[in-house]
Each structure stands twice: as C-alpha cells, then as structure tokens.
Amino acid sequence: MPETDLKLLIEAAEEAGRIARRFSGPVAQSWDKPDGAGPVTEADLAVNEMLEHELRAARPDYGWLSEESADNQDRLSAERVFIIDPIDGTRSFIEGSNTWAHSLAIAEKGEVIAAAIFLPMRDKLYTAARGMGAFLNYERIHPTTRADITGASVLAARPTMDRQHWRNAPPAMDRSHRPSLAYRTALVAQGRYDAMFTLRPTWEWDIAAGDLILREAGARTSDRFGAPLVFNNRDPRQKGMVAAGQGIHPKITEALVPEDAVPRI
C-alpha cells in the first residue's frame, strides 16, 4: 500500500508543479488570510483544488487535511489521511523565488507512510514510502553522520537562537535559513545540512512529508522536546520539530529548555 500511495502522490505533485508554474509569482493575485495566518495566492487555491479533487477521487476513504481547505473533523476517524500543503513557502512564491515546494503526505494511524516534496522550479523531487528508503530524483539519500553539535550546519530561523530557548548559551552552530519548512526537512535528509529545527507550534502539513523522508533517509525526528511526531491530531499542530542525523539529534533536544520552561514565542 505505501508504494502505490507514493506513486499517486508523485503524479499529483508533478501535476501541482505544472499548475503552479502557470502563475507568475510576483504578479499572481494574493491576499492575507484572516487572523494573521499569512498570505495565500490564486496559485495555492488552484493547486489545492486539483489535489483535493484528484486525490480524494483516487482514495475516497482517506481523510483530508490541507492548509487551504476548511478542516473537517471526519478525518479523525479515517484510518488513513492526506496531509497536504499545496504551496509551502507562499511568500517565496510571491517574491518570485524558486525555493517553494509542494508537500504531500499520507498518514496511517498517526504515522506517515508515503511522502513527496516537489520543488518544480528546481526540478527536485524528494520521495519516501515506509520501509523503502528516501530518494531525491530517484537516487537514494542519507543524512550526515556528524556527532558534534558545535560547528554543525543547521537550518533555523534567527529567533530560535535566542538565549531563552536554550538551557545554557545557544550552541555555536552555523545557521542558515530557507523559507519552506518542507524544503528544510528535505535538505537535512539529503545531507546538505546537519539539522533543522523550528520551535514554534508547527502545522502538520508543513512537516508531515518531511518527517517520513527524513526517517527513511536514516535521520531522527521529534518535536522540540524529543517526543515522536504523531499526525492527524484534532489540533493539527506539533510542538515544533527537530530533525537531524542520529548523532546530534539528542544533543539538540537536550540543549533546548524543557517543556515546563518553554517561553512564549
């Protein structure tokens, strides 16, 4: 089942890329969603409409969770659920950047079993199915084997390095950033960076696909406190995410403040 589900996701991701490329990012119609939820464009909605129609027609018994669809709690009783971000990195899309991605996943009883992250402007397709490894453009990928947190290359937003988030001084790491969370997860799975982390409450659609791709590549994932990630929750947000090679993942989570001392972000 994961293998056939992955084939479905790959076909859908490639079609999403064809649709999104029809829009010119800087001139695509865009507006801000209510309650400070960020921007959305006509491309996000066009991709979401196609994905919801095609994927749900192919798997009518699967639940549906997407950033651009009204949430329906019926998904909670479904054995399997699509978890979709039609365009992850919408601000980058609006700016005309090429680092936005389509992020598609299927979770079964809380565990992601098939995943695709597609960057159409970079021709990068990251994929994984449970028990089958992780791939970039059909070539197997692996994370780094770095064991020392000092000097590690990490993908993280600047505020995550504030002193308040760490038990002691923030570790001396080489920090970079990419707007798309899905792309950040994929780059760690690929071994381009040693780790990525986000400390804010994190929407499942941003990281579900990356969670499986990372784990199948051989990396370790968790929330910011080191707990395993479980998907398709009533409130579809995780307590942040830490993803890294096996050697430094526990060193990052142990260096962060415990849950009872976490600051408001």
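The present account deals with the structure reproduced in this document. Note that the structure is a prediction, hence the values are computed from the model and not measured.

Turning next to the pattern of salt bridges. The final tally for this structure, using the stated rule, is 11 salt bridges. Close ionic contact of Arg59 with Asp5 constitutes a salt bridge, the shortest N to O distance being 2.9 Å. Here Asp5 lies in helix α1 (residues 2-20) and Arg59 lies in the loop between α2 (42-58) and β3 (63-66), a separation of 54 residues in the sequence. For Arg59, a relative accessible area of 18% gives the class buried. Between Arg80 and Glu108 there is a salt bridge, and its shortest N-O distance comes to 2.8 Å. Of the two residues, Arg80 is situated in strand β4 (residues 80-88) and Glu108 in strand β5 (residues 101-108); the sequence distance between them amounts to 28 residues. Connected through salt bridges with shared partners, the residues Arg80, Glu108, Glu111 and Arg130 form a single ionic network.

Between the first and last C-alpha of α1 there are 26 Å, a value that for 19 residues agrees with the 27 Å anticipated at 1.5 Å per step. Of the positions making up α1, those classed as buried are Pro2, Asp5, Leu6, Leu8, Leu9, Ile10, Ala12, Ala13, Ala16, Gly17, Ile19 and Ala20. Structurally, α1 contributes buried residues whose contacts are with α2, β4, α3 (90-95), β5, β6 (111-119) and β7 (124-129).

Moving on, we get to the sheet that holds β7. Where strands meet in a sheet, backbone hydrogen bonds hold them as pairs that are either parallel or antiparallel. Taken in spatial order, the 7 strands line up as β3-β4-β5-β6-β7-β8-β9 in an open sheet, and their pairing is mixed. If you trace the sheet from one side to the other, it starts and ends with β3 and β9 (139-140), each paired once. Its contacts with the sheet put α2 on β3, β4 and β5, and the angle it makes with β4 is roughly 160°. Sheet strands touched by helix α4 (residues 181-190): β4, β5, β6, β7 and β8 (134-136). Its angle to β7, the strand with the most contacts, is close to 75°.

Conventions used here
Residues take numbers from 1 onward in each chain, read along the sequence in its written order. Local features are withheld for residues below a pLDDT of 70 in this predicted model, meaning they are given only at 70 or higher, and side-chain atom pairs are given and counted only at 80 or more; totals for whole chains, interfaces and linings count all residues. Derived side-chain values reflect all non-hydrogen atoms in the structure, with water molecules and hydrogen atoms excluded from consideration. By definition here, a salt bridge exists when the distance from a side-chain nitrogen of Lys or Arg to a carboxyl oxygen of Asp or Glu is within 4 Å. What counts as a helix is a DSSP run of H or I of at least four residues, what counts as a strand is a run of E of at least two, and both are numbered from the N terminus. The rule is simple: take the accessible area with a 1.4 Å probe, protein chains only, and divide by the maximum for that residue type; under 20% is buried, over 50% is exposed, in between is partly exposed. Take the residue count of a helix, subtract one, and multiply by 1.5 Å to get its expected span. Note on contacts: a residue pair qualifies if any of its non-hydrogen atoms lie within 4.5 Å across the two residues. Pairing between two strands is assigned when DSSP locates at least 2 bridges connecting them. All axes here are fitted lines through C-alpha atoms, helices being fitted over the stretch that makes contact, and every angle between N-to-C directions spans 0 to 180 degrees.

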